[in-house]
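Architecture at a glance
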Amino acid sequence: MHGSNQSRVSEFLLLGISESPEQQRILFWMFLSMYMVTVVGNVLIILAISFDPRLHTPMYFFLANLSFTDLFFVTNTIPKMLVSLQSQNKAISYAGCLTQLYFLVSLVALDNLILATMAYDRYVAICRPLHYTTAMSPGLCILLLTLCWALSVLYGLTHTLLMTRVTFCGSRKIHYIFCEMYVLLRLACSNTQVNHMVLIATGCFIFLTPLGFMIMSYVRIVRTILQIPSVTGKYKAFSTCASHLAVVSLFYGTLGMVYLQPLQTYSMKDSVATVMYAVVTPMMNPFIYSLRNKDMHGALGRLLLGKAFQRLT
């Protein structure tokens, strides 16, 4: 398409899941409730880990950062969606859309990398317990987290800067709850071949490589657990990994529902899957990690009830 027929878009319209006023009112209260639960749950996790010396270990250090990432992630998308549902003002500026896209892409990548780092922590704790203190030193934990942040920022910047090269014309309606990369590429009227190539190349590196690493880690973890003679020992070792496995399964399961398909087939029906990984997963993570974790139960009890909880226990 010739440049004379192209126009520089100034804003997009986030139409969300439904355009029905009745359904929008229901969606507003539903997403507001989910957002509040997500914020409270993740903030409690962060505070409990921060103020309880017993949780100052590598596993909980990474868990606190995972909760922070989830908290930042939902704050990047849900408040704008709530404003749109309540005010009926669906417009989001071009700059606002790209900003939302940047944080969305970066934080999803960061979530993924932190989960991979947590898998390594569980591998060392179970397969090399005698070397755990030295292998997972505070310096290494900070280095691993810094690397996760650096890769995520670079990943987000790469795709956001490439999106600035894309020209949009015609329809500016986004039938989604936020500015999502696949949807924006479908609205483009310029050549997006470079975006697709970079998306595939970087996506394989930033998502499939950590997934492969997690699979290999858990293969070794399972082998080690099976060699433990007592049933109690096996259960105790597996219980330290169960929460992480549940979060990884939820994260990749919902992410795969959205992205493991051709760009051409990406449609409005995928909004449900998008809500799952963008809203439900960050909300469920605190519950998954605290549900069967006695250390977390104790830390949350001491945080919320203080000395009264200590007397009860």
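Because the structure is a prediction, the values reported are computed rather than measured.

**A short note on the overall build of the protein chain**
Assigned secondary structure in the protein chain consists of 11 helices and 3 strands. Taken from the N to the C terminus, the helices and strands of the protein chain come in the order β-α-α-β-α-α-α-β-α-α-α-α-α-α. For the protein chain, the proportion of its 313 residues judged to be buried stands at 49%. Here the analysis covers contacts within the protein chain between residues at least 6 apart in sequence; of these, 78% occur between residues at least 24 apart. A total accessible area of about 15700 Å² is found for the protein chain, and carbon and sulfur atoms account for 69% of it.

**Structural notes on the pattern of salt bridges**
Taken as a whole and assessed by the stated rule, the structure comprises 3 salt bridges. The shortest N-O distance in the salt bridge between Arg302 and Asp52 comes to 2.6 Å. In this pair, Arg302 sits in helix H10 (residues 294-305) while Asp52 sits in the loop between helix H1 (21-51) and helix H2 (58-87), placing the two residues 250 residues apart along the sequence. Note that Arg122 is salt-bridged to Asp121, the shortest N-O span being 2.8 Å. As far as the burial class goes, Arg122 and Asp121 line up, both buried. The network of salt bridges with common partners includes Asp52, Arg54 and Arg302.

**A few points about the packing of aromatic side chains**
In total, this model carries 11 aromatic pairs according to the counting rule given. Ring centres of Phe68 and Phe72 lie 6.2 Å apart, and the angle between their planes is 55 degrees; this geometry places the pair in the tilted category. Here Phe68 pairs with Phe72, and both are found in helix H2, just 4 residues apart, close to one helical turn. Given a relative accessible area of 38%, Phe68 falls into the partly exposed group. Here the aromatic rings of Phe72 and Phe103 are separated by 5.3 Å at their centres, their planes lie at 45 degrees, and the arrangement is tilted. Of the two residues, Phe72 sits in helix H2 while Phe103 sits in helix H3 (residues 94-127), which places them 31 residues apart along the sequence. You can call Phe72 partly exposed: its relative accessible area is 30%. Ring pairing ties together the aromatic residues Phe68, Phe72, Tyr102, Phe103 and Trp149, which thus form one cluster.

**Some remarks on a nonpolar patch on the surface**
Together, Leu47, Phe51, Leu303, Leu304 and Leu305 make up a nonpolar patch on the protein surface, roughly 490 Å² of accessible area in all. Mapped by element, the contributors of at least two residues to the nonpolar patch are H1 and H10. Per-element tally for the nonpolar patch: the top contributor is H10, with 3 residues. With respect to the element layout, Phe51 can be found in helix H1.

**Details of the UniProt feature "transmembrane region" (unreviewed entry) in the protein chain**
UniProt feature "transmembrane region" (unreviewed entry): in the numbering of this structure it lies at residues 26-48, 60-79, 91-114, 135-157, 194-216, 237-260 and 272-291. Between the first and last C-alpha atoms of residues 91-114 the distance is 33 Å; the span itself is 88% helix and 12% strand. Secondary structure over residues 194-216 splits into 100% helix and 0% strand, and the C-alpha atoms at its two ends are 32 Å apart.

**Here's the deal with the packing of H3 against helix H5 (residues 138-163)**
For the pair H3 and H5, the least separation of the axes is 8 Å and the interaxial angle reads 150 degrees. Here H5 runs roughly antiparallel to H3, going by the angle between their axes. Relative to H5, H3 is oriented so that their crossing is right-handed. Partitioning the contact of H3 with H5 into residue classes produces 19 nonpolar, 6 polar and no charged.

**A word on the confidence of the model for the protein chain**
The predicted model of the protein chain averages 84 in pLDDT, with 88% of residues at 70 or higher. The least confident element of the protein chain is helix H11 (residues 307-312), whose mean pLDDT is 52; the most confident is H5, at 95. Counting contacts from residues 1-7, a segment whose pLDDT is below 50, to residues more than four positions away or on other chains yields 10 contacts.

**A closer look at H5**
The end-to-end C-alpha distance of H5 is 38 Å, a good match for the 38 Å that 26 residues give at a rise of 1.5 Å each. Among the residues making up H5, those that are buried are Cys141, Leu145, Cys148, Ser152, Tyr155, Gly156, His159, Thr160, Leu162 and Met163. Where the residues of H5 are buried, they touch H2, H3, helix H6 (181-187) and helix H7 (193-226).

**Overview of H3**
Here H3 contains 34 residues, and its C-alpha end-to-end distance of 49 Å stays within 8% of the 50 Å for a straight helix at 1.5 Å per residue. Among the 34 residues in H3, 27 count as buried, and that is most of the element.

The rules we used
Numbers given for residues are sequential positions, taken from 1 along each chain in its written order. Whole-chain, interface and lining totals are the exception, using all residues; otherwise, since this is a predicted model, local features are given only for residues with pLDDT of at least 70 and side-chain atom pairs are given and counted only at 80 or more. Side-chain descriptors were evaluated using all non-hydrogen atoms of the structure, hydrogens and water having been removed beforehand. Only runs of H or I of at least four residues qualify as helices and only runs of E of at least two qualify as strands under DSSP, and these elements are numbered from the N terminus. Only protein chains enter the accessibility calculation, which uses a 1.4 Å probe; a residue is then buried when its area is under 20% of its type maximum, exposed when over 50%, and partly exposed in between. Throughout, a contact is declared for two residues whenever any of their heavy atoms are within 4.5 Å. We get accessible surface area from the Shrake-Rupley algorithm with a probe of 1.4 Å; when it comes to residues, only the shown protein chains can shield them. Between Lys or Arg on one side and Asp or Glu on the other, a salt bridge is scored when a side-chain nitrogen of the former is within 4 Å of a carboxyl oxygen of the latter. Geometry of aromatic contacts follows a simple scheme: Phe, Tyr and Trp rings, the Trp one being its six-membered ring, pair when their centres are within 6.5 Å, and the pair is stacked under 30 degrees between planes, edge-to-face over 60, tilted otherwise. A patch consists of residues whose relative accessible area exceeds 30% and which take part in no salt bridge; residues with like charges are grouped when within 9 Å of each other, and nonpolar side chains (Val, Leu, Ile, Met, Phe, Trp, Tyr) when within 5 Å. UniProt positions are given in the numbering used here, feature names are shortened, and annotations may be inferred rather than shown by experiment. Note on geometry: axes are lines fitted to C-alpha atoms, helical ones only across the stretch in contact, with angles between N-to-C directions running from 0 to 180 degrees. Any angle from 65 to 115 degrees is called roughly perpendicular, while one under 35 is roughly parallel, one over 145 is roughly antiparallel, and all others are oblique. Crossings are assigned a handedness: left-handed for a near helix turned anticlockwise from the far helix by less than a right angle, right-handed for a clockwise turn. Each residue is assigned to one of three groups, with Ala, Val, Leu, Ile, Met, Phe, Trp, Tyr, Cys and Pro labelled nonpolar, Asp, Glu, Lys and Arg labelled charged, and all others, Gly among them, labelled polar. The predictor attaches a confidence to each residue, and that confidence, scored 0 to 100, is pLDDT. By this rule, a helix spans an expected 1.5 Å times one less than how many residues it contains.

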